Amino acid sequence: MDGERLLSRNARAMRSSLIRQLTGLVNRPDVISFAAGSPNAGTFPHEQLRQIHNDLVDRERGGVFQYSVTRGNARLIAAVRDRDRRLKGVRLGSASTLVVSGSQQGLDLVARVLLDPGDAVFVETPSFIGAMASFENVGAKLFEVRCDRQGMDPAHLGARVAEARSLGHPSKLAYVIPNFQNPAGSLWSRQRRREVCAAANQAGLLVLEDDAYGELYFDGVDSADLAPLKAMPDSSHVLYLSTFSKILAPGLRVAWVHGPEPVLRRMEYCKEAADLCTSTLGQRLVLEFLRRGWMPAQVGRVRSFYSAKSKVLKAALGEHFGRLARWRVARGGLFQWLDLPEGVDALALLHASLEADKVAFIPGAPFFAGKPRSNSLRLSFSNVEDENIAAGLSRLSRRVRRALA
Ligand SMILES: Cc1ncc(COP(=O)(O)O)c(C=O)c1O
């Protein structure tokens, strides 16, 4: 029996994302791939993690391999709260904290405890595909909100909330990534953060702020510009989500959420049913890394690594895409977004470019909850060797010229 006819209504509606489908295609060794969105493994502090691992195992024997509490290691929670207050100005007030198995699990748990089928979620244009999948998996209806150079447009958020209401979709949640968004690489202005935080509050929405990339800023960025919505005076309606995946290592699967206790308690129950607890070993490795005071130097190294790579990318874009595309140079994170001339279809371009030039990227269309801009694409530079960046973009620009001709 293949089980197909026994699937739940929910499961039948689920689809693998285009990105997952493309991954096998674009991660071939003979391809220069701007597709893989993962951090560069060279930034993982493997020697320090090996030392900590060995010390923990020597000292505690089997203990670090035991189950642990669902809420998360209490000392790790205290350390993360202290760090977020000090480094990012996060105002915790009465907010509690839950450790999750990657921020992707945080997104999934938020969706499960807040959203009923038909509930409206307001997302940026474009937005992170993994979050949209979590919302859609529970039957939520996504409403795109316009974004400009400053970030999400608060007036349009208000208008979309009114529209959702008139269509009978209860409005629950706005999902935002103000720092170096995946996929657009965008950075919200300080004013826009204040305005969207206030507009959401006025509309009675919770805000899910995903800050996966806020610590990955490049040279010249003022870290005060990166203060999260959760650092605003009136931000008790903000659920703040962040992760050790990009600054330490994603395979540890350690991330966290700050938010109102009633919501977090339900997320904890839901997590218990999903995986009982976040990896005990993963949490202890992170906690010990923090305790030994190694994080500032680690984050500094990671920042320098991507900052240098982004400069190579910026130069290569200027050289090869001059009048061929529009873009705003990403000032942090792992992604650079490009808008090609109208009429160029990025999916068709990918197929041609892979086939003929062995260059891969991710077409922009799947990142749109509404009408896709099919002439857009996402370049990830984290895993491309410096010397291949210019070569890859040179080939890609030739392919775009050919498509235009
Ligand atoms: C915006 C954003 N949020 C969340 C995640 C999930 O990260 P993790 O589950 O490793 O914390 C990613 C991963 O790419 C991301 O780009």
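Basis of the calculations
- Residues numbered from 1 in each chain as written.
- Predicted model: local features only at pLDDT ≥ 70, side-chain atom pairs only at ≥ 80, totals over all residues.
- Axes fitted to C-alpha atoms, helices over the stretch in contact; angles between N-to-C directions.
- Helix = DSSP H or I, 4+ residues; strand = E, 2+ residues; numbered from the N terminus.
- Parallel < 35°, antiparallel > 145°, perpendicular 65-115°, else oblique.
- Left-handed = near helix turned anticlockwise from the far one by under 90°.
- Contact = placed C-beta atoms within 7 Å.
- Nonpolar A, V, L, I, M, F, W, Y, C, P; charged D, E, K, R; others polar.
- Core = buried A, V, L, I, M, F, W, Y, C linked by C-beta atoms within 7 Å.
- Buried ≥ 20, exposed ≤ 12 C-beta atoms within 10 Å, placed from the backbone.
- Domains from an automatic or database assignment.
- Pairing = 2+ DSSP bridges.
- Near = placed C-beta within 6 Å.
- Expected span 1.5 Å × (residues − 1).
- Arc of directions from axis to C-beta.

Trainee: Help me out: how do you make sense of the packing of helix H7 (residues 154-166) against helix H8 (residues 190-202) in this one?
Mentor: Packed helices, taken two at a time, are described by their axes: the angle between them and the distance between them. The interhelical angle for the contact between H7 and H8, taken along N-to-C directions, is 20°, at an axis separation of 9 Å. If you check the angle between H7 and H8, you find them roughly parallel. H8 is crossed by H7, and the crossing has right-handed handedness. Between H7 and H8, the contacting residues are Pro154, Leu157 and Gly158 on the first element and Glu195, Val196, Ala199 and Ala200 on the second. Among the residues making up the contact of H7 with H8, the classes are represented as 5 nonpolar, 1 polar and 1 charged.

Trainee: Any chance you could explain the nonpolar core here in plain terms?
Mentor: The nonpolar side chains of a soluble globular protein tend to be buried, and buried together. Ranked by internal contacts, the top residues of the largest apolar core, which has 111 residues, are Val121, Leu157, Leu173, Ala174, Val207, Leu239 and Val286. When residues of this core are assigned to their parent elements, the largest contribution, 6 residues, is made by helix H11 (residues 295-321). Here this core spans two domains, since at least three of its residues come from each of domain 1 (4-44 + 297-404) and domain 2 (61-291). The residues touching Leu173, leaving out its near neighbours within four places in the chain, are Leu114, Leu115, Val121, Leu205, Leu206 and Leu208.

Trainee: It is not clear to me how the sheet that holds strand S11 (residues 335-339) should be interpreted in this structure. Could you clarify?
Mentor: Sheets are built from strands paired through backbone hydrogen bonds, the pairs being either parallel or antiparallel. With respect to topology, 3 strands assemble into an open sheet ordered S11-S14-S13, the strand pairing being antiparallel. Lying at the two open borders of the sheet, with one neighbouring strand each, are S11 and strand S13 (362-363).

Trainee: Help me understand the site of the ligand, please; the structure alone is not making it clear to me.
Mentor: Taken together, 14 residues lie near the ligand, and Gly102, Ser103, Gln104, Thr243 and Ser245 sit nearest. Here the residues of the shell around the ligand are counted per class, giving 5 nonpolar, 8 polar and 1 charged.

Trainee: Help me out: how do you make sense of helix H6 (residues 129-137) in this one?
Mentor: Residue pairs three or four apart in sequence face the same way in an α-helix, which turns once every 3.6 residues. Within the span of H6, buried status applies to Ile129, Ala131, Met132, Ala133, Ser134 and Phe135. Gly139 occupies a position one or two residues after H6 and carries a positive phi of about 85°.

Trainee: Would you mind showing me how to read the sheet that holds strand S10 (residues 255-259) here?
Mentor: Strand order in the open sheet formed by 7 strands is S2-S10-S9-S8-S7-S3-S4, and the pairing between neighbours is mixed. Each edge of the open sheet is held by one strand with a lone partner, namely strand S2 (96-100) and strand S4 (141-145). Direction aside, neighbouring strands of the sheet carry axes that sit 20° apart on average. Judged from the 5 bridges that link them, strand S3 (residues 120-124) and S4 form a sheet pairing that is parallel. From the neighbouring strand, Ala120 faces S4, where its bridge partner is Lys141.

Trainee: Looking at this structure, I do not really get unusual backbone geometry. What am I missing?
Mentor: Most of the time, phi is negative for any residue but glycine, and the peptide bond is trans. Cis geometry marks the peptide bond from Thr125 to Pro126; its omega dihedral reads -5°. Here the phi dihedral of Arg61 falls at roughly 50°; this positive angle occurs in a residue that is not glycine. Relative to the helices and strands, Arg61 is located in the loop between helix H3 (46-60) and helix H4 (74-88).

Trainee: What is the right way to read H4 from this model?
Mentor: Along its 15 residues, H4 runs 21 Å from first to last C-alpha, staying within 8% of the 21 Å computed at 1.5 Å per residue. Regarding H4, the residues found buried are Leu76, Val80, Asp84 and Lys88. Projected down its long axis, H4 shows its buried positions confined to an angular sector of 65°, all on one face. Along H4, exposed side chains directed more than 90 degrees from the buried face belong to Ala78, Asp82 and Arg86. Contacts made by the buried residues of H4 are with S2, S10 and helix H10 (280-291). Of the residues trailing H4, Gly89 is marked for its positive phi of about 70°.

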